[in-house]
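Chains, contacts and geometry: an overview
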Amino acid sequence: MRKRSHRSRAGVALAAAAVLGLAACDASGGGGESSPRSTTTQPKPSPRPSPLWDRYPGSIAAVGDSITRGFDACTVLSDCPEVSWATGSDAHVDSLAVRLLGASGASLNSWNFAVTGARMSDLAAQMEQAAQRKPELVTVMVGANDACRSTVSAMTSVTDFRAQFKEAMDALRGELPRTQVYVSSVPNLKRLWSQGRTSPIGKQVWKLGICPSMLGNADALDAAATDRRAEVQARVEAYNRVLKDVCGKDRRCRFDGNAVFDYRFGTDQLSQWDWFHPSRNGQARLAEIAYRTITAKDPVT
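Here goes a summary of the coordinates provided. Values in this document were obtained by computation on a predicted structure and should not be read as measured data.

What to know about the sheet that holds strand 4 (residues 180-183)
- One open sheet accounts for five strands, arranged 2-1-3-4-5; its pairing is parallel. Among the strands making up the open sheet, the edge pair consists of strand 2 (110-112) and strand 5 (253-255). Averaged over all adjacent pairs, the angle separating strand axes in this sheet is 15 degrees, with direction ignored.
- Note: strand 3 (residues 137-141) against strand 4, four bridges, orientation parallel. Each residue of the ladder has a partner; that of Val-138, found in strand 4, is Val-181.
- Those strands touched by helix 3 (residues 96-109) are strand 1 (60-64), strand 2 and strand 3, and its axis lies near 90 degrees from that of strand 2.
- Its contacts with the sheet put helix 12 (residues 280-295) on strand 3, strand 4 and strand 5, and the angle it makes with strand 4 is roughly 135 degrees.

Re the state of the cysteines
- With the rule as written, the count across this model stands at three disulfides.
- With a sulfur-sulfur separation of 2.0 Å, Cys-148 is cross-linked through a disulfide to Cys-211. Here the S-S torsion is close to -75 degrees, and the disulfide linking Cys-148 with Cys-211 is therefore left-handed. Here Cys-148, found in the loop between helix 5 (144-147) and helix 6 (158-175), pairs with Cys-211, found in the loop between helix 8 (200-206) and helix 9 (212-215); they are 63 residues apart in sequence, far enough to count as distant. Cys-211 matches Cys-148 in its accessibility class, with the two residues each being buried.
- Linked covalently through their sulfurs, Cys-247 and Cys-253 form a disulfide whose S-S length is 2.0 Å. Around the S-S axis, the bridge from Cys-247 to Cys-253 shows a dihedral of about -115 degrees and counts as left-handed. An identical accessibility class is assigned to Cys-247 and Cys-253; each is buried.
- For the chain, numbering the cysteines in disulfides from first to last along the sequence yields the connectivity 1-2, 3-4, 5-6.

Points about helix 10 (residues 223-248)
- The first and last C-alpha atoms of helix 10 sit 37 Å apart over 26 residues, in line with the 38 Å expected at 1.5 Å per residue.
- Among the residues of helix 10, the N-terminal cap falls to Asp-222, whose side-chain oxygen and the backbone nitrogen of Ala-224 are separated by 3.1 Å.

A word on the environment of Ser-184
- Among the secondary structure elements, Ser-184 is positioned in the loop between strand 4 and helix 7 (189-196).
- Residues Ser-184 and Lys-244 lie 60 residues apart in sequence; the distance between their C-alpha atoms is 9.3 Å.
- Not counting residues up to four positions away in its chain, the partners in contact with Ser-184 are Val-140, Met-141, Leu-243, Phe-255, Asp-256 and Val-260.

With respect to the pairing of strand 3
- Burial analysis of strand 3 places five of its five residues in the buried class, which makes it a mostly covered element.
- The alternating pattern of strand 3 places Leu-137, Thr-139 and Met-141 and Val-138 and Val-140 on opposite faces, both of which are buried.
- Across five bridges, strand 1 lies against strand 3 in parallel orientation. Bridge assignment links Gly-64 to a residue of strand 3, and that residue is Met-141.

Section: a negative patch on the surface
- Together, Glu-128, Glu-167, Asp-170 and Glu-175 make up a region of like negative charge exposed at the surface.
- At three residues, the largest contribution of residues to the negative patch is made by helix 6.
- Mapped onto the fold, Glu-167 is located in helix 6.
- The exposure class of Glu-167 is partly exposed, given its relative accessible area of 47%.

Observations concerning the packing of aromatic side chains
- Throughout the structure, instances matching the rule amount to two aromatic pairs.
- When the centroid spacing of 6.1 Å and the interplanar angle of 65 degrees are considered together, the rings of Trp-85 and Tyr-182 count as edge-to-face. Here the residue Trp-85 occupies a position in the loop between helix 2 (66-69) and helix 3, and Tyr-182 occupies one in strand 4, the gap between them amounting to 97 residues.
- Given a relative accessible area of 1%, Tyr-182 falls into the buried group.
- With a centroid separation of 4.0 Å and an interplanar angle of 10 degrees, the aromatic rings of Phe-161 and Tyr-239 are classed as stacked. Linking Phe-161 in helix 6 with Tyr-239 in helix 10, this pair joins segments that are 78 residues apart in sequence.

Structural notes on the pattern of salt bridges
- On inspection of all chains with the given rule, the structure shows nine salt bridges.
- Across the pair Arg-99 and Asp-94 runs a salt bridge, and its minimum N-O distance is 3.7 Å.
- Residue class for Arg-99 comes out partly exposed when judged on its relative accessible area of 25%.
- In this structure Asp-94 comes out as partly exposed when scored by relative accessible area, which is 31%.
- Here the salt bridges share partners, and the residues they tie into one network are Arg-162, Asp-245 and Lys-249.

Conventions adopted
- Residues numbered from 1 in each chain as written.
- Predicted model: local features only at pLDDT ≥ 70, side-chain atom pairs only at ≥ 80, totals over all residues.
- Heavy atoms only, no water.
- Pairing = 2+ DSSP bridges.
- Helix = DSSP H or I, 4+ residues; strand = E, 2+ residues; numbered from the N terminus.
- Axes fitted to C-alpha atoms, helices over the stretch in contact; angles between N-to-C directions.
- Contact = heavy atoms within 4.5 Å.
- Disulfide = S-S within 2.5 Å.
- Buried < 20%, exposed > 50% of the residue type's maximum accessible area, 1.4 Å probe, protein only.
- Expected span 1.5 Å × (residues − 1).
- Polar contact = N/O pair within 3.5 Å; in protein donor to acceptor, adjacent residues only side chain to side chain.
- Patch = residues over 30% accessible without salt bridge, like charges linked within 9 Å, V, L, I, M, F, W, Y side chains within 5 Å.
- Areas by Shrake-Rupley, 256 points an atom, 1.4 Å probe, with all protein chains shown as cover.
- Salt bridge = Lys/Arg side-chain N within 4 Å of Asp/Glu carboxyl O.
- Lys, Arg positive; Asp, Glu negative; His and termini not counted.
- Charge placed at Lys NZ, Arg CZ, Asp CG, Glu CD.
- Phe/Tyr/Trp six-rings, centres within 6.5 Å; stacked < 30°, edge-to-face > 60°.

Here it is in structure tokens:
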């Protein structure tokens with residue numbers, strides 16, 4: 001009897017063990033084999049997305065007007081691209097390209113497509129030229145010539161200015177959807193008048209026909225002259241609102257937040273030949289503003 005009882009208890013134990021083993025397999029979701037814990041794969045972390053704005057682009061193309069060409073900064077009535085705030089090589093200016101790329105990098109990977117006398121209507125063609133170089137950054141400074149016309153009525157309308165700027169941006173985006181764009185505000189022409197008119201030489205040069213809408217009859221302070229200058233200034237401010245608005249709709253565009261317009265330049269920043277275009281000193285200040293805007297962690301709002 002003791003032997004049968006012992007065998008009976010052993011059989012029950014074996015059966016119980018079998019049942020528990022099957023339950024363990026079911027609980028682990030396995031069939032015939034179970035995977036060791038050490039081989040369990042962990043999900044890989046998602047790679048960090050690339051930042052939308054690269055604060056240190058590797059190549060630069062500049063478009064715009066005579067300011068970006070360095071006109072009258074070195075010699076009278078001549079372009080001087082070596083002192084351009086955007087792409088120049090002059091050590092006293094320390095251009096945007098040199099600040100971002102170094103002197104040797106700037107000589108190889110920056111290009112200046114600006115044209116003296118250009119207006120916003122010319123920008124789309126310049127953008128198409130710039131796109132052929134496939135730059136990582138395009139700088140834009142244009143609009144002063146749209147306000148600097150023979151008469152107030154000849155100024156580019158705000159509606160046309162907007163349409164032309166959008167056309168230029170579309171021309172670039174059609175070729176280079178990921179290229180970054182820095183847009184400078186139009187300089188303060190009324191401050192230019194107030195500073196330059198302190199120079200007798202400057203006022204004589206202005207009589208040759210430099211920005212007549214603002215600078216004509218520089219000493220006149222009657223109501224008509226005051227109203228004329230106020231209308232030109234209001235148009236420049238409207239242009240800057242357009243630049244901010246159109247640029248703001250492009251995720252890879254930064255406007256300078258009116259930094260150029262607001263800069264309180266003096267006569268040291270003006271060409272000693274025409275008291276209108278930036279001097280070397282003025283070009284250096286423009287380079288500082290651009291570099292600060294482009295390398296800022298967050299865009300100006």
